[in-house]
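The lines below spell out each chain.
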Amino acid sequence: MSTYWCVVPAAGRGSRFGSKVPKQYLRLGDKPMLLHTLERLAAHPYVAGLMLVVAADDTSWAQGLFEVLGKPLLRATGGAERADSVLAGLRALPASVEAEDFVLVHDAARPCLRSADVSRLIEQAAPAGGGLLAAPLRDTLKLAGADGRVAATESREARWRALTPQLFRRGELETALAAAVADGVSVSDEAMAMERSGFAPLLVEGAEDNIKVTTAADLALAEYLLSKGVLV
Ligand SMILES: Nc1ccn([C@@H]2O[C@H](COP(=O)(O)OP(=O)(O)OP(=O)(O)O)[C@@H](O)[C@H]2O)c(=O)n1
Ligand SMILES: C[C@](O)(CO)[C@H](O)COP(=O)(O)O
């Protein structure tokens, strides 16, 4: 069975959350959010190892982590933007990870990841050359005007919310991200970089509860979901 390294961008400051410590280090139940995320990834049989990308001034417990649930954990230093951090993580992967090997990228801020979603992503997106977990929009979509009122109702037809993990070949993703960074284009996920390079990633439906913890309300929801033991 093929196994895949996972780059985990965890070098953000959590400015929208507004906590004293970056949100990925906040406790969720019995352990920090980041450790929930790392353990859920490491527990998956398809995951070979973890490349944790932390801020240059990170002095957290994560500096002393060298393995999670028996899977190796390496570390790289992140950059100003998420794309810079992901690129740094890709470049720091072991030489044994060939350019044509697939790698996963998963946000540290998404601790509610389901094992079944990782399996589905890999099994469907690898044969397709790469792809991402995503969730189809199910609410009516409104465009806000400057006055805070509805400017328009946008079609939700064929609109999906990008999640993570995302799965691409190491070499292709490194090239695509480096090109976006060099062009000064802000790419908010790996798929966008790949799209810029002319590749059409496969959309693989993932669970709506694979939430990205951005605000305090998200943290409470993530804690509830993790406490229920339903994320399989
Ligand atoms: N320069 C950055 C920015 C973000 N991230 C990571 O990318 C993931 C998703 O980013 P986001 O939720 O936006 O986290 P923050 O950038 O920390 O949040 P904010 O935008 O509110 O500051 C997080 O795990 C975050 O740690 C990163 O590794 N490097
Ligand atoms: C990668 C991502 O989680 C997909 O939805 C999202 O783009 C990250 O955005 P952020 O602003 O860096 O949280």
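This one's a predicted model, so the numbers in the text were calculated from it and none came from an experiment. (Residues numbered from 1 in each chain as written. Chains lettered and ligands numbered in written order. Predicted model: local features only at pLDDT ≥ 70, side-chain atom pairs only at ≥ 80, totals over all residues. Heavy atoms only, no water.)

## Some details on the UniProt feature "site: Positions MEP for the nucleophilic attack" (unreviewed entry) in the protein
Here is step 1 of the chain: Summarizing the sequence annotation, UniProt attributes the feature "site: Positions MEP for the nucleophilic attack" (unreviewed entry) to Arg156 and Lys212 in the numbering used throughout.
Here is step 2 of the chain: Here arginine 156 shows up in the loop between strand S10 (150-154) and strand S11 (160-169).
Here is step 3 of the chain: Residue classification places arginine 156 among the partly exposed positions, given a relative accessible area of 39%.
Here is step 4 of the chain: Polar side-chain contacts of arginine 156 include one of 3.0 Å to the backbone oxygen of arginine 138.
Here is step 5 of the chain: Non-local contacts of lysine 212, meaning those with residues more than four positions away in its chain, are made with Arg16, Asp107, Ala109, Arg110 and Asp218.
Here is step 6 of the chain: Separated by 2.9 Å, the side chains of lysine 212 and threonine 214 make a polar contact. (UniProt positions renumbered as here; feature names shortened; annotations may be inferred. Helix = DSSP H or I, 4+ residues; strand = E, 2+ residues; numbered from the N terminus. Buried < 20%, exposed > 50% of the residue type's maximum accessible area, 1.4 Å probe, protein only. Polar contact = N/O pair within 3.5 Å; in protein donor to acceptor, adjacent residues only side chain to side chain. Contact = heavy atoms within 4.5 Å.)

## Describing the site of ligand 1
Here is step 1 of the chain: The environment of ligand 1 is made up of 19 residues, and the closest members are Gly14, Ser15, Arg16, Lys23 and Ser85.
Here is step 2 of the chain: Within the backbone of arginine 13, a nitrogen or oxygen atom sits 3.1 Å from an oxygen atom of ligand 1.
Here is step 3 of the chain: Between serine 15 and ligand 1, the recorded distance is 2.7 Å, taken from a side-chain N or O atom to an oxygen atom.
Here is step 4 of the chain: Calculation on ligand 1 without its partners gives an accessible area of 560 Å², and the protein chains cover 89% of this total.
Here is step 5 of the chain: For the shell around ligand 1, the secondary structure elements donating two or more residues are strand S1 (4-10) and helix H2 (82-91). (Near = heavy atom within 4 Å. Areas by Shrake-Rupley, 256 points an atom, 1.4 Å probe, with all protein chains shown as cover.)

## Some thoughts on the site of ligand 2
Here is step 1 of the chain: Taken together, the residues surrounding ligand 2 are Arg16, Arg82, Asp107, Arg110, Ala162, Thr164, Ser188, Asp189 and Lys212.
Here is step 2 of the chain: One of the side-chain nitrogen or oxygen atoms of arginine 110 is found 3.0 Å away from an oxygen atom of ligand 2.
Here is step 3 of the chain: Coverage of ligand 2 by the protein amounts to 75% of the 360 Å² it exposes when considered alone.

## Section: the nonpolar core
Here is step 1 of the chain: Counting residues in hydrophobic clusters, the biggest one holds 33 residues, and the most contacted among them are Val8, Leu34, Leu38, Leu50, Leu52, Leu104 and Leu167.
Here is step 2 of the chain: Of the residues forming this core, the biggest block, five residues, is contributed by helix H1 (residues 33-42).
Here is step 3 of the chain: The residues contacting valine 8, other than those within four sequence positions of it, are Leu34, Leu38, Leu41, Met51, Leu52, Val53, His106, Asp107 and Ala108.
Here is step 4 of the chain: Listed in part, the 24 residues of the second largest apolar core include Val105, Phe168, Ala180 and Val187. (Core = buried A, V, L, I, M, F, W, Y, C linked by side-chain atoms within 4.5 Å.)

## Brief notes about the sheet that holds strand S12 (residues 202-205)
Strand pairing in a sheet relies on backbone hydrogen bonds. The paired strands run either parallel or antiparallel.
Here is step 1 of the chain: The eight strands are arranged S5-S6-S4-S1-S7-S11-S8-S12 in an open sheet whose pairing can be described as mixed. The sheet is open, and its two borders are formed by strand S5 (67-68) and S12, each paired with just one other strand.
Here is step 2 of the chain: As paired elements, strand S4 (residues 47-54) and strand S6 (residues 71-77) share five bridges and run parallel to each other. What sits directly across from valine 53, in S6, is alanine 76. (Pairing = 2+ DSSP bridges.)

## Remarks on the UniProt feature "site: Transition state stabilizer" (unreviewed entry) in the protein
Here is step 1 of the chain: The positions that UniProt labels "site: Transition state stabilizer" (unreviewed entry) are, in the present scheme, Arg16 and Lys23.
Here is step 2 of the chain: By the secondary structure assignment, arginine 16 is in the loop between S1 and strand S2 (27-28).
Here is step 3 of the chain: A relative accessible area of 62% means that arginine 16 is categorised as exposed.
Here is step 4 of the chain: Excluding residues within four positions of it along the chain, arginine 16 makes contact with Lys212 and Thr214.
Here is step 5 of the chain: Within the element layout of this structure, lysine 23 appears in the loop between S1 and S2.
Here is step 6 of the chain: Note on lysine 23: relative accessible area 11%, which makes it buried.
Here is step 7 of the chain: When residues no more than four places from it in sequence are discounted, the contact partners of lysine 23 are Gly14, Phe17, Met33, Ala109, Val213 and Thr214.

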